[in-house]
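Tertiary structure, described
Read off the chains here:
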Amino acid sequence: MPHTETPGTEAVPATRMRWWTELPLILLVYACYSAGRLVVRGDVSDAVDHGLALLRMEKALYLNAEHPLNRLFTSEPWIGIPADFWYASLHYLVTPALLVWLFRSRAVHYRAARTWLMTSTFIGLIGFTLLPTCPPRLLDPSHGFVDTMAYYSSWGWWGGEASAPRGLGGMTNQYAAMPSLHVGWALWCGVILWQYGRGRWARTAAVVYPLVTTIVVMGTANHYFLDAVAGAAVMGAGFLLAPHVLRYADAVKARFRTGAPAVPAASPATDATIVSAGCQTSAGERIPRQRQPESRYGPGAGPGASPSDAGEGAPAPAR
């Protein structure tokens, strides 16, 4: 039967997964994610309007932490430069590293965790499509934000356009701020470390990594606080949908899988004629060296048997 998993269960997989099938799948999902971000750019004016609407909403709710953090990161290079490295690199390193670790050391949980991550990523791509959003760093300078990636670009491999390598900033969708998958992926990493990691260091990293990532995306002016909240919500939706995605995938596999025909159960009549490793005999047939059951007339005797049939020493039947 096809095996289905729910995030957090410990059922043994029906078939062992192979890295040469998993790696192309993960690369395909990431390629779709990157291509989607590139193709679905949206209208710049709409993206700016959405960004300003988020900023106004945060101010009304007293949630505007981006300005003080951005000023801190800009005025203190010892904070701002590591933060830019954190933003530009760790989500490309930590997330794949945890996937590999799960695959090698926690294989029972790998498929459910991988499906959760991929489902959430596709939901995030839908968000980029429906709600293109200008990040704080691309708003007019009058709004008080400084693009720390451009401000400290001489310290890293990135240029002034995005966190992409120099000269490749134009190949990314810079208006894909809502939701923040930096925060979403970091939250996934935190849950995986908390649930399957061992030792105090794993629990500490499970809390520190998503928390610091949330601070970094706001301090570098790449995301609003509500972007981070949306990233967490996307991961929650992906967690709830992952079991359904697994069941659907198993159903598709079962449809294309060819199985051996079922062997019908043997009937009682058939069992009665099967002796010695499946050899079949007809009624009354004797196989060599087979012990015959003794009848109530005595060994070797039966109704109408003569003394010669019973043996030389057998007594004659009573008259």
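Structure first, text after, so check above.
Now for a quick tour of the structure. (Residues numbered from 1 in each chain as written. Predicted model: local features only at pLDDT ≥ 70, side-chain atom pairs only at ≥ 80, totals over all residues. Heavy atoms only, no water.)

1. Re the environment of tyrosine 196
Within the secondary structure layout, tyrosine 196 lies in helix 7 (residues 181-196). Sequence separation between tyrosine 196 and serine 105 is 91 residues; the distance between their C-alpha atoms is 9.7 Å. (Helix = DSSP H or I, 4+ residues; strand = E, 2+ residues; numbered from the N terminus.)

2. So, the pattern of salt bridges
Going through the model one piece at a time under the given rule, you end up with 2 salt bridges. Between aspartate 250 and arginine 111 there is a salt bridge whose closest N-O contact spans 2.6 Å. Taken together, the residues span a long stretch of sequence, with aspartate 250 in helix 9 (residues 225-256) and arginine 111 in helix 5 (residues 107-130) at a distance of 139 residues. Taking relative accessible area as the criterion, arginine 111 reaches 8% and is therefore assigned buried. Residues arginine 137 and aspartate 147 are paired through a salt bridge, measuring 3.2 Å at the closest nitrogen-oxygen approach. Of this pair, arginine 137 sits in the loop between helix 5 and helix 6 (148-151) while aspartate 147 sits in the loop between helix 5 and helix 6, and the two are 10 residues apart along the sequence. (Salt bridge = Lys/Arg side-chain N within 4 Å of Asp/Glu carboxyl O. Buried < 20%, exposed > 50% of the residue type's maximum accessible area, 1.4 Å probe, protein only.)

3. Side note on the side chain of aspartate 250
Given a relative accessible area of 5%, aspartate 250 falls into the buried group. There is a polar contact of 2.6 Å between the side chain of aspartate 250 and the side chain of arginine 111. (Polar contact = N/O pair within 3.5 Å; in protein donor to acceptor, adjacent residues only side chain to side chain.)

4. A closer look at empty space enclosed by the protein
As enumerated under the stated definition, the model contains 1 cavity of 30 Å³ or more in all. By volume, the largest cavity amounts to about 30 Å³. Along the walls of the largest cavity sit Trp86, Leu90, His91, His182, Ala186, Tyr209 and Thr213, which together make up its complete lining. Of all the elements in the fold, those that place two or more residues in the lining of the largest cavity are helix 4 (77-105), helix 7 and helix 8 (200-219). A per-element tally of the lining of the largest cavity places helix 4 first, with 3 residues. For the lining of the largest cavity, the per-class residue count stands at 4 nonpolar, 3 polar and no charged. (1 Å grid on protein atoms, 1.4 Å probe; cavity = no way out; pocket = protein on both sides within 12 Å on 5 of 7 lines; lining within 4 Å. Points joined across faces, edges and corners; volume = space filled by probe spheres on them. Nonpolar A, V, L, I, M, F, W, Y, C, P; charged D, E, K, R; others polar.)

5. Things to note about helix 4
When the terminal C-alpha atoms of helix 4 are compared, their 39 Å separation across 29 residues agrees well with the 42 Å that a helix rising 1.5 Å per residue should span. The largest bend in helix 4 comes to about 50 degrees, at leucine 90. Residues Gly80, Ile81, Ala83, Asp84, Tyr87, Ala88, Ser89, His91, Thr95, Leu98, Leu99 and Leu102 constitute the buried set of helix 4. (Expected span 1.5 Å × (residues − 1). Bend = angle between axes of the 7 residues up to and from the residue.)

6. A word on a nonpolar patch on the surface
Taken together, the side chains of Met57, Leu61 and Leu63 make up a nonpolar region of the molecular surface, amounting to roughly 260 Å² of accessible area. Within the fold, leucine 63 resides in the loop between helix 2 (44-60) and helix 3 (66-75). (Patch = residues over 30% accessible without salt bridge, like charges linked within 9 Å, V, L, I, M, F, W, Y side chains within 5 Å. Areas by Shrake-Rupley, 256 points an atom, 1.4 Å probe, with all protein chains shown as cover.)

7. What about the packing of aromatic side chains?
Within the structure shown, the criterion is met by 4 aromatic pairs. Centroid distance tryptophan 116 to phenylalanine 239: 5.2 Å. Interplanar angle 75 degrees. Geometry classified as edge-to-face. Here tryptophan 116 is found in helix 5, whereas its partner phenylalanine 239 is found in helix 9, with 123 residues between them in sequence. The class for tryptophan 116 is buried, based on a relative accessible area of 7%. (Phe/Tyr/Trp six-rings, centres within 6.5 Å; stacked < 30°, edge-to-face > 60°.)

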